Number of protein chains: 2
Amino acid sequence: MLQQNFFGLYYKLYRPLLNQVNAKLTQYGLFSSQWQLMKLLMQEGAMTPAEIAQRQQVEKPSITKILQRLGEMGYVESTPGQDKREKWIRLTSSGEAVCRDVMEQLASLYEDLLQGSSKEEVEIAISVLARAHQNLTS
Amino acid sequence: MLQQNFFGLYYKLYRPLLNQVNAKLTQYGLFSSQWQLMKLLMQEGAMTPAEIAQRQQVEKPSITKILQRLGEMGYVESTPGQDKREKWIRLTSSGEAVCRDVMEQLASLYEDLLQGSSKEEVEIAISVLARAHQNLTS
DNA sequence: AATAGTTAATTAACCTAACTAACTATTATT
DNA sequence: AATAATAGTTAGTTAGGTTAATTAACTATT
């Protein structure tokens, strides 16, 4: 079964990968869900907690907690929207700096992991992942 | 950056996929780590908690807890090894039945997710994942 | 045979990261 | 104006991780 091989490997990779990523993140006092959120803000700019929750596919209270910690660490800040129920969340400059550092470190990890796969193969793998995501969320 | 695209998509897929898988599993009162463990036993046969821990890349106490719950649900059983420190864990027949059901349901989910990708593309994606896992754990 | 060191499994205490339910404040709808 | 819906928070729970410490059993060396 081709599908099961694919997703079997997908899962098999997950824990060891997470362990490696967490090892890099502890230098900055970050955990991986915090990092995921920072990365989202880095890539897409300021957004509200509700949008973050929807993007990350987790419930709003989970986001509230992560934002509280990131706020205490000085990595994010918020301003009220013109709709006064909303809060707009953005990275602070210190948050952006950390983000860049982490991205650099992870880039070299990722490069190592793709050693031995050609550019073309990786591109095909990307398209398969992208299509799976598309099929899942449409 | 090719690597970041690949791993960016890898992560992006993870939560929505987990949510779908968990939705299937709740019918059987299972959570995904419990399922991962059952699948391992189904595919590889009886083994000790220490080996499970090593295969899943988590610490032994985590496995102890999961096995306790699976035991309460009647999905696994254990017998002492000839080395009396060891416990050999295996699926019960009810555990095996549940495993087969879940596998069937997930197979159809996975098939849907790979719709639109050719056999060759999926094979290449598999090889990229396998190589990443290899690079990570060697 | 005794001792020292190692390994397998468990327990306890703690943490992260998720969840649901219920709440407040604000905005939108009827 | 009343009601419904939405954004965010709070409180409480749970799964599933962690480390540190404990017990029992095995191994090797004296």
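Computed from a predicted structure; not experimentally measured.

Rules of the game
Residues numbered from 1 in each chain as written. Chains lettered and ligands numbered in written order. Predicted model: local features only at pLDDT ≥ 70, side-chain atom pairs only at ≥ 80, totals over all residues. Heavy atoms only, no water. pLDDT = per-residue confidence, 0-100. Helix = DSSP H or I, 4+ residues; strand = E, 2+ residues; numbered from the N terminus. Least-squares fit on C-alpha atoms with pLDDT ≥ 70 in both. Buried < 20%, exposed > 50% of the residue type's maximum accessible area, 1.4 Å probe, protein only. Near = heavy atom within 4 Å. Polar contact = N/O pair within 3.5 Å; in protein donor to acceptor, adjacent residues only side chain to side chain. Nonpolar A, V, L, I, M, F, W, Y, C, P; charged D, E, K, R; others polar. Contact = heavy atoms within 4.5 Å. Buried area = accessible area lost by both parts, 1.4 Å probe. Salt bridge = Lys/Arg side-chain N within 4 Å of Asp/Glu carboxyl O.

Novice: What exactly am I supposed to notice about the confidence of the model for chain A here?
Specialist: Mean pLDDT for chain A: 95, with 100% of residues reaching 70 or above. Within chain A, the lowest mean pLDDT, 91, falls on helix 1 (residues 2-26) of chain A, and the highest, 98, falls on strand 2 (residues 87-91) of chain A.

Novice: Explain the relation of the copies chain A and chain B here, please?
Specialist: Each of the two chain copies can be brought onto the other by rotation about an axis and movement along it. Between chain A and chain B, the superposition needs a rotation of 179° and an axial shift of 0.1 Å, giving an RMSD of 0.2 Å. The transformation relating the two chain copies, once decomposed into turn and shift, fits a two-fold axis. Taking the C-alpha atom as reference, chain A places A125 of chain A closest to the rotation axis, 2.1 Å from it.

Novice: Please explain the environment of E51 of chain A as it appears in this structure.
Specialist: You can see E51 of chain A is positioned in helix 3 (residues 49-56). Note on E51 of chain A: relative accessible area 32%, which makes it partly exposed.

Novice: Help me understand the protein's contact with DNA strand C, please; the structure alone is not making it clear to me.
Specialist: Among the 24 residues in the neighbourhood of DNA strand C, the closest are listed as F31, E59 and K84 of chain A together with A50 and K87 of chain B. In DNA strand C, the atoms that sit within 4 Å of the protein are 72% sugar and phosphate, with bases accounting for the remainder. Within the contact set of DNA strand C, a base oxygen lies 3.4 Å away from a side-chain nitrogen or oxygen of R85 of chain A. Separating a phosphate oxygen of DNA strand C from a side-chain N or O atom of T64 of chain B is a distance of 3.2 Å. Counting only elements with at least two residues in the surface near DNA strand C, the list comes to helix 2 (32-44) and helix 4 (60-72) of chain A together with helix 3 (49-56) and helix 4 (60-72) of chain B. Residues that form the surface near DNA strand C fall into these classes: seven nonpolar, seven polar and 10 charged.

Novice: Explain the interface of chain A and chain B here, please?
Specialist: Interface size, as often reported, equals the accessible area lost upon joining of the parts. Tallying the contact residues gives 50 residues for chain A and 49 residues for chain B. Across the chain A to chain B interface the summed buried area is about 5,200 Å²; carbon plus sulfur atoms make up 73%. Summed over the three residues of chain A that lose the most area to chain B, namely Y10, Y11 and L136 of chain A, the buried surface amounts to 14% of that side. Linking chain A to chain B there are two salt bridges. The partner of R131 of chain A in a salt bridge is E121 of chain B, with the nearest N and O atoms 3.6 Å apart. At the junction of chain A and chain B, the tally comes to 18 residue pairs in polar contact (both at pLDDT 80 or more). Broken down by secondary-structure element, the contributors of at least two residues to the side of chain A that touches chain B are helix 1, helix 2, helix 5 (93-113) and helix 6 (119-137) of chain A. Looking at the side of chain A that touches chain B, the element that brings in the most residues is helix 1 of chain A, giving 19 residues. Grouping the amino acids of the side of chain A that touches chain B by side-chain chemistry returns 26 nonpolar, 15 polar and nine charged.

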